[in-house]
Amino acid sequence: MLTVVLSGLRARWASFLGGFVALALGVGLLTTMGLGLSATFHAPERAPQRFASSPVVVQGRDRLTLDVRRGPETVPVTQRLDRPQPVDRELLRELRARWTVTTSGGPGTATGPTGPDAVGVDAPVAEVRALVGDRAQVLTGTERRRADPDPDRDAEALVALNALLGTSGGVTAFVSVFVVASTFAFGVALRRREFGLLRTAGATPGQVRRLLLAEAAALGVLASAAGCALGGLGAPLLARTLVDGGLAPEWFTVGGPVWPFHVSFWTGVTVALAGAVAASRRAGKVGPTAALRDADVDADTLPLGRALLGTGLLLTGLGLLVWTYATDPSALLKRKTYTTLPMLLITGVALLSPLLVRPVAGLLRLRGAVGTLVRENSAASVRRTAAVAAPVLVTVALAGTLFGSASTVTRAKGVEAREQTAAEHVVAGQGLRPVRPPAGAVVSPTGPTSVFVRDGDAAVVKYGARAVTDPAAFAALARLPVVAGDLRDLDDRSIVVNEEFQHRRVGETVEVWRADGTGPVRLRIAAVLALGTGDNGPYVTRANAPGSAPDRIEARGGGTATVRALEASGGTVGTADAWAAAARPSSGSPQTRLGLVLVLGIALVYTVIGLANTLLMATSVRGGELASLRLAGATRAQILRVVTGEATLAVAIGALLGLVVTALVLGTLGAGLAALSAPVALALPWTTLGAAAGVCATVAVAASALPAWRLTR
């Protein structure tokens, strides 16, 4: 058996080349992504900066701890505060009376009229702990970093990078399985006469299946080994690309763990075997009479198993879309949802694509002998046409769903931000100075804060909120989607919530903890807002937002006097339209676009490999057919037009199916935005779709024309 396998690999190396390259590239990318992911699990240990010379740091509480129910027991749950509480003044006097105390300020440190949030103490740790007790935190060693400005910035910088690399790895695994499985399936279809000869010579169906699985195992081991070596070389390049593109912090580097190599290698072998299982079952069913076949008309292009699997995946994808829309429309706006759900639809439609080849080809009314041959050959060779259309479907659908969903969500946020204010001018910046409203002007400063609310007895939820300085001016300028209540009722004893809150009836009281952990305070619900794209409330007054400083000032009326007054705030003054466009660009941030390009690039590379491999194999075995056309009077140019026309038609079918998947996903996303009372601003990325389809068509024409040119010499 091993001799037959190795001889077959040597004799048909060209037909295995595409699968080898696809698998090696997939393993290489998985290794690279795995090495990158391993570097995102732990942020680097940084030395304390703010109190580097103090052996002990006394810091106010920076966590809110509340007890919640977990079954029959009560357990503490901790949430991080926006800023630590100030050190108690009495404690500060006691520390200064006994030891040397250092107060360090600087950007981002909470040293204000209520006292410093942390101090350095030159004293023995045990004595400081005994004095402080439970009135504050005592930090030593590397824990002193918690007193630095934004101590979690390194870990937070890796969250988005972790999601990007995880998504890229998932897309890589999905597309590699798809391409490898398609390669083996189409290869088996081309080798039916060979398997018939083996059956005639006495080979059993089990031996034929084991032959194919052994070929897949040998291919998997060789390709996986090559891919691991490729991934080890590509990981540093990926790290530099991510840093240069602003997707990773400057200190990001890949380490040297070995587990990504093990995971990628065995994943590659498993993918190769999994891709060959279905093909081997089909090969085992080939009978001895297949050796006598000369016709190349596909009669069993959609076996029962493939039809059931494709239907199941398609219905599952559609069901999940509908279920998500019905139960949690806001989940449709998340990248995790619009990245993973389309994969089910793509796989289901691709498996069922042979059903569409003949109807679509039959609808064509191409003139002349060339057009007739293109139509009839495509309808007769359904398996070849579907094998070309499938990778195109993957690329076009991923391009449409990823770029279209991201652009739609970003555009909806921008439109929503503009619709929610009646201001003429907006100032944006950190720590804006107070503005005295000129005569006839309405000025409303707001700033970021947060509130903590119990969600039943089992959870504590932290909500990002906005702190309102002047409730009357805020109510005059805000155009928020109020579903109940009145914004004019907001005061120091009330709160504006959204529909995500468990308690959301106007007049009902809700128990909240403020951004600095103080509370609880009971606030009356003044108004309830629609959820929107996720930025609608809650809103509180400055009295319930300790430490919050305005970062946005909205103004209307007053003419040029208002503009001059706004310029004195220290921020960037612009029109409301310009502010909304800058805050929510319709095309998304450069980092988001770069991440999407990375994911789409992976899919496009695999599509190129799949198209080239499929068409090179398919066209190379058509020597007799093309020779018959020459004997029938067809010129060489006509034959090339027939072959390239068939490839172009297959690409068009794949692109059409990809557009159908895109329409399903974006249509559901639009319905979800409407259900959230958010603006529906669908964005179909025609430029990206056209570029992806153009690359596929170019590769398909070249991969079919080159072997046809050689065969017709």
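Residues numbered from 1 in each chain as written. Predicted model: local features only at pLDDT ≥ 70, side-chain atom pairs only at ≥ 80, totals over all residues. Heavy atoms only, no water.

With that out of the way, let us pick up the overall build of the protein. In terms of regular secondary structure, the protein is built from 20 helices and 18 strands. In the protein, of all internal contacts separated by at least 6 residues, the share reaching a separation of at least 24 is 81%. Surface exposure of the protein reaches about 31,700 Å², of which carbon and sulfur atoms provide 60%. (Helix = DSSP H or I, 4+ residues; strand = E, 2+ residues; numbered from the N terminus. Contact = heavy atoms within 4.5 Å. Areas by Shrake-Rupley, 256 points an atom, 1.4 Å probe, with all protein chains shown as cover.)

Before going further, it helps to spend a moment on the packing of aromatic side chains. The relative placement of two aromatic rings is captured by the distance of their centres and the angle of their planes. According to the stated counting rule, one finds three aromatic pairs in the structure shown. Arranged with centres 4.3 Å apart and planes meeting at 20°, the rings of Y463 and F501 form a pair that is stacked. With Y463 in strand β11 (residues 459-468) and F501 in the loop between β13 (494-498) and β14 (509-513), the pair connects residues that are 38 residues apart, well separated along the chain. For the residue pair Y463 and F501, the accessibility class agrees, reading buried in each case. Aromatic pair F474 and Y539: ring centres 5.0 Å apart, planes at 40°, arrangement tilted. One end of the pair, F474, is in helix α14 (residues 471-477); the other, Y539, is in strand β16 (residues 539-541), and 65 residues separate them in sequence. Each member of the pair, F474 as well as Y539, carries the same accessibility label: buried. The ring of W709 carries the charged tip of R636 above its face, separated from the ring centre by 3.6 Å. (Phe/Tyr/Trp six-rings, centres within 6.5 Å; stacked < 30°, edge-to-face > 60°. Buried < 20%, exposed > 50% of the residue type's maximum accessible area, 1.4 Å probe, protein only. Lys NZ or Arg CZ within 6 Å of the ring centre and 35° of its normal.)

Before going further, it helps to examine the environment of A217. Along the chain, A217 falls in helix α7 (residues 205-244). A relative accessible area of 26% means that A217 is categorised as partly exposed. Between the C-alpha atom of A217 and that of A274, which follows or precedes it by 57 residues, the distance is 9.9 Å.

Reading across from one edge, β4-β7-β1-β8 is the order of the four strands in this open sheet, with antiparallel pairing throughout. In this open sheet, the two strands that pair with only one neighbour each are β4 (100-102) and β8 (137-140). Taking each pair of neighbouring strands and ignoring which way they run, the sheet shows an average axis angle of 30°. When β4 meets strand β7 (residues 118-122), the two strands line up antiparallel, connected through three bridges. Directly across from T102, in β7, lies its bridge partner G120. Of the strands in this sheet, β1 (56-59), β7 and β8 touch helix α4 (residues 125-132), which is tilted by about 165° from β8. (Pairing = 2+ DSSP bridges. Axes fitted to C-alpha atoms, helices over the stretch in contact; angles between N-to-C directions.)

Right, let's get into the pairing of strand β2 (residues 63-70). Successive side chains on a regular strand alternate, one facing one side of the sheet and the next facing the other. Sheet topology places β2 next to strand β3 (residues 73-80); eight bridges connect them, and they run antiparallel. Counterpart to T65 in the pairing with β3 is T78.

Take the pairing of strand β17 (residues 552-556) next. In terms of residue burial, β17 counts as a mostly covered element, since four of its five residues are buried. Note that strand β9 (residues 425-428) and β17 share four bridges and pair antiparallel. For A428, the partnering residue across the bridge sits in β17 and is R552. Bridge count between strand β10 (residues 442-455) and β17: five bridges; the pairing is antiparallel. The residue bridging T446 from the neighbouring strand is R552, located in β17.

Bringing the packing of helix α3 (residues 89-98) against α4 into the picture now. Viewed as axis vectors pointing N to C, α3 and α4 meet at an angle of 150°, and their least axial separation amounts to 11 Å. Seen from above, α3 lies across α4 with right-handed handedness. Touching L91, E94, L95 and R98 of α3 are E127, L131 and V132, all from α4. (Left-handed = near helix turned anticlockwise from the far one by under 90°.)

Tallying each qualifying case throughout the model produces six cavities of 30 Å³ or more. Considering the residues around the largest cavity, the lining is formed by 13 residues, among which R384, L615, R622, E646 and A647 are closest to the centre. Going through the elements one at a time, α13 (382-419), α17 (590-620) and α19 (636-675) are the ones with two or more residues in the lining of the largest cavity. Looking at the lining of the largest cavity element by element, the count peaks at four residues for α19. Residue classes in the lining of the largest cavity are distributed as six nonpolar, four polar and three charged. (1 Å grid on protein atoms, 1.4 Å probe; cavity = no way out; pocket = protein on both sides within 12 Å on 5 of 7 lines; lining within 4 Å. Points joined across faces, edges and corners; volume = space filled by probe spheres on them. Nonpolar A, V, L, I, M, F, W, Y, C, P; charged D, E, K, R; others polar.)

V175, L242, F252, I346, L393 and V661 are the most contacted members of the largest nonpolar core, which has 77 residues in total. The element best represented in this core is α13, accounting for 15 residues. If sequence neighbours within four positions are ignored, I346 has contacts with F174, L393, V394, A397, L398 and V661. (Core = buried A, V, L, I, M, F, W, Y, C linked by side-chain atoms within 4.5 Å.)

A word on the packing of helix α10 (residues 335-352) against α13. Two numbers describe how α10 lies on α13: the axes approach to 10 Å, and their chain directions differ by 155°. Classified by the angle their axes make, α10 and α13 are roughly antiparallel. Along this stretch, α10 crosses α13, giving a crossing that reads as right-handed. Here Y338, T339, P342, I346, V349 and A350 of α10 come into contact with α13, specifically with L393, V394, A397, L398, T401, L402, S405 and A406. Considering only residue class, the contact of α10 with α13 consists of eleven nonpolar, three polar and no charged. (Parallel < 35°, antiparallel > 145°, perpendicular 65-115°, else oblique.)

Residues F41, W259 and V263 make up a contiguous nonpolar surface patch of roughly 300 Å² in combined accessible area. With respect to the helices and strands, the residue V263 is situated in helix α8 (residues 259-284). For V263, a relative accessible area of 46% corresponds to the partly exposed category. (Patch = residues over 30% accessible without salt bridge, like charges linked within 9 Å, V, L, I, M, F, W, Y side chains within 5 Å. Salt bridge = Lys/Arg side-chain N within 4 Å of Asp/Glu carboxyl O.)

Taken as a whole, this structure holds 15 salt bridges when the rule is applied. Between D62 and R146 there is a salt bridge, with the nearest N and O atoms lying 3.1 Å from each other. On the criterion of sequence distance, the pair formed by D62 in the loop between β1 and β2 and R146 in the loop between β8 and α5 (153-190) is long-range, its members being 84 residues apart. R552 is the partner of E554 in a salt bridge, and the nearest nitrogen-oxygen pair spans 3.2 Å. Each member of the pair, E554 as well as R552, is classed as buried.

A word on the side chain of T395. For T395, the location among the structural elements is in helix α13. The buried category is assigned to T395, whose relative accessible area is 0%. Beyond its immediate chain neighbours, meaning those up to four positions away, T395 contacts L600, A603, L604, T607 and A692.

Time to look at the confidence of the model for the protein. Averaged over every residue, the pLDDT of the protein is 82; residues scoring 70 or more account for 89%. When pLDDT is averaged over each element of the protein, β16 comes out on top at 95 and strand β5 (residues 111-112) at the bottom at 49. In the model, residues 106-111 has pLDDT below 50 throughout and makes 14 contacts with residues more than four positions away in sequence or in other chains. (pLDDT = per-residue confidence, 0-100.)

A word on α4. Of all the positions in α4, only V128, L131 and V132 are classed as buried. In an axial view of α4, the angular spread of the buried residues amounts to 95°, which keeps them on one side of the axis. Turned more than 90 degrees away from the buried face of α4 sit A126 and A130, all of them exposed. Phi turns positive one or two residues past the end of α4, at G133, with a value near 60°. (Arc of directions from axis to C-beta.)

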